[in-house]
Amino acid sequence: MEKMNRLAAKKRKEKGKIIIAFLIVPLLFLGYFTVYPVVTMLLYSFTDWKGSATPFQVLGFKNYVEIFTTDTYRNIFKTAAYYLLAGILQQLISLFLAVIMNKKLRGSSIFKGFIFFPFIMNGVAVSMVFRMFYQIGGGFDVLLNAVGLEKCIRVWMTNPHTSNICLAFIYLWKNIGYSFLIYLGTMQSVSGEYYDAASIDGAGTWMQFKEITYPAIKMIIGMMVTLSIVGSISVFDIPYVLTNGKNGTNSFATTLVETAFTYSRYGLACAMAIIMLLIAGAVMIFKNLVFKEENDNGYSR
C-alpha cells in the first residue's frame, strides 16, 4: 500500500513538472510582451520622458491633469462621443438585420454578402473612397441635388459641425458587417425547434426575439457593446487618412500618435494610453455587472 502511495505521489510530481514545463514559456511571453510594457508605460506616464535614452524628470500626475484640463486633449472625449453613438447604432442596426436574415428568405445569402463586404475592405481604401464621396461636387452632393436638397450642400470634411458626423458614418458603415456576422452566427446556433414551438403557440417575431433569441445572445450583445465602447476611443485609420485629426476630428488614437511621434512627448502619450486601458477595464467591469451569465438553474453568476 505504501509503495502504491509513493508511485501515485511520484506520478503527481511528474505531472506537475510537465504542466510547469508547458506553462513556463507562455507565461514568459505574456510577462515580457504584455505585463512588462504596461508596467513600464505606467511608470513613464508620471514623467516628461521624450524618448530614447534622454534624461527625464518625475512629474507626478501632471500629465493626467493636462489631459483632462487642456482643450486640445479634452476634445478627444467629445470626438469619441460621435463614434460611441455610431457604435450603438451599429449594434442596433446589425441586430435588426441579423434577426431578419436569420429567417428563411429567398436570396438572403446575397444580402448577407452585401452587409458583410464593407468590413473586409481595407480601412485606408474605404477612407479614400469616402474622401471622393464627400468632396465638393462629389457623390454626396450629387445625391442631395437629386432629391432636391441642394440647399443642404456644404464643405463636409472641413466643417467642424459636420466632419465628425461624416467620419462616424464611415465608421458605422464599415463595421456594421462584423456585428451582423457575430449576431447571425449566434442566432443560428439556437435550435429551430424553439421557434417552431413558439409559432405554434402564436408567438410573433417580437415575442420570439424577447423570449428565445435575446436570452441566447445576451452575453454576445454585452461583448459587442463592450467592443463598440472601446472602439470609439481607439479608432485611428478613418480620421487619420481623411482629416489627419484636424478641424476637431482628433480621436484618442490619432492624438496619442501625434503627441508621441510629432511632439516627442512620450510621457504624456503613455498617460493617454493608460487612460485608454483604464476605460477599457471599466467597460469590462460594467459589462460583467450588467450582462451576467446565468447557469442552468437560471441564477446569475
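The coordinates are above.
Residues numbered from 1 in each chain as written. Predicted model: local features only at pLDDT ≥ 70, side-chain atom pairs only at ≥ 80, totals over all residues. Heavy atoms only, no water.

A few words now on the overall build of the protein. Counting its regular elements, the protein contains 12 helices and zero strands. Its helices and strands taken in sequence order, the protein reads α-α-α-α-α-α-α-α-α-α-α-α from the N to the C terminus. At 25 Å, the protein has a C-alpha radius of gyration far larger than the 19 Å of a compact globule built from 301 residues. Counting only C-alpha atoms and orienting by the principal axes, one finds that the protein spans roughly 95 × 75 × 30 Å. For the protein, buried positions account for 34% of its 301 residues. A separation of at least 24 residues holds for 66% of the contacts in the protein among residues at least 6 apart in sequence. Of the roughly 18900 Å² of accessible surface on the protein, a fraction of 68% belongs to carbon and sulfur atoms. (Helix = DSSP H or I, 4+ residues; strand = E, 2+ residues; numbered from the N terminus. Rg over C-alpha atoms; globule rule 2.2 N^0.38 Å. Buried < 20%, exposed > 50% of the residue type's maximum accessible area, 1.4 Å probe, protein only. Contact = heavy atoms within 4.5 Å. Areas by Shrake-Rupley, 256 points an atom, 1.4 Å probe, with all protein chains shown as cover.)

Glancing now at the packing of aromatic side chains. One pass over the structure, following the stated rule, counts 25 aromatic pairs. Summarising the aromatic geometry, the rings of Phe130 and Tyr134 are spaced 5.9 Å apart at their centres and angled 35° between planes, so their arrangement reads as tilted. Taken together, the residues Phe130 and Tyr134, both in helix α5 (residues 123-134) and four residues apart, mark about one turn of the helix. We note that Phe130, like Tyr134, is buried. Between Phe133 and Phe140, the ring centres sit 5.5 Å apart and the planes meet at 35°, which makes this aromatic pair tilted. What makes Phe133 partly exposed here is its relative accessible area of 27%. In this structure an aromatic cluster arises from ring pairing among Phe130, Phe133, Tyr134, Phe140, Trp156, Phe169 and Trp173. (Phe/Tyr/Trp six-rings, centres within 6.5 Å; stacked < 30°, edge-to-face > 60°.)

Take unusual backbone geometry next. Here the phi dihedral of Ser264 falls at roughly 55°; this positive angle occurs in a residue that is not glycine. Following the sequence through the fold, Ser264 ends up in the loop between α11 (252-261) and α12 (266-290). Judged by its relative accessible area of 30%, Ser264 is partly exposed.

In terms of residue burial, α11 counts as a mostly covered element, since seven of its 10 residues are buried. Here α11 has its buried residues at Phe252, Ala253, Thr254, Thr255, Leu256, Thr259 and Ala260. Turning to α11, the residues buried within the fold contact α3 (71-101), α9 (205-234), α10 (237-242) and α12.

Relative to the helices and strands, Lys78 is located in helix α3. According to the relative accessible area criterion, Lys78 is exposed, its value standing at 58%.

A contiguous nonpolar patch, built from Ile20, Ile24, Val25, Leu28, Phe29, Tyr32, Phe33 and Tyr36 and spanning about 910 Å² of accessible area, is present on the exposed surface. Looking at the secondary structure, you find Ile20 in helix α1 (residues 2-44). When its relative accessible area of 56% is taken as the criterion, Ile20 is described as exposed. (Patch = residues over 30% accessible without salt bridge, like charges linked within 9 Å, V, L, I, M, F, W, Y side chains within 5 Å. Salt bridge = Lys/Arg side-chain N within 4 Å of Asp/Glu carboxyl O.)

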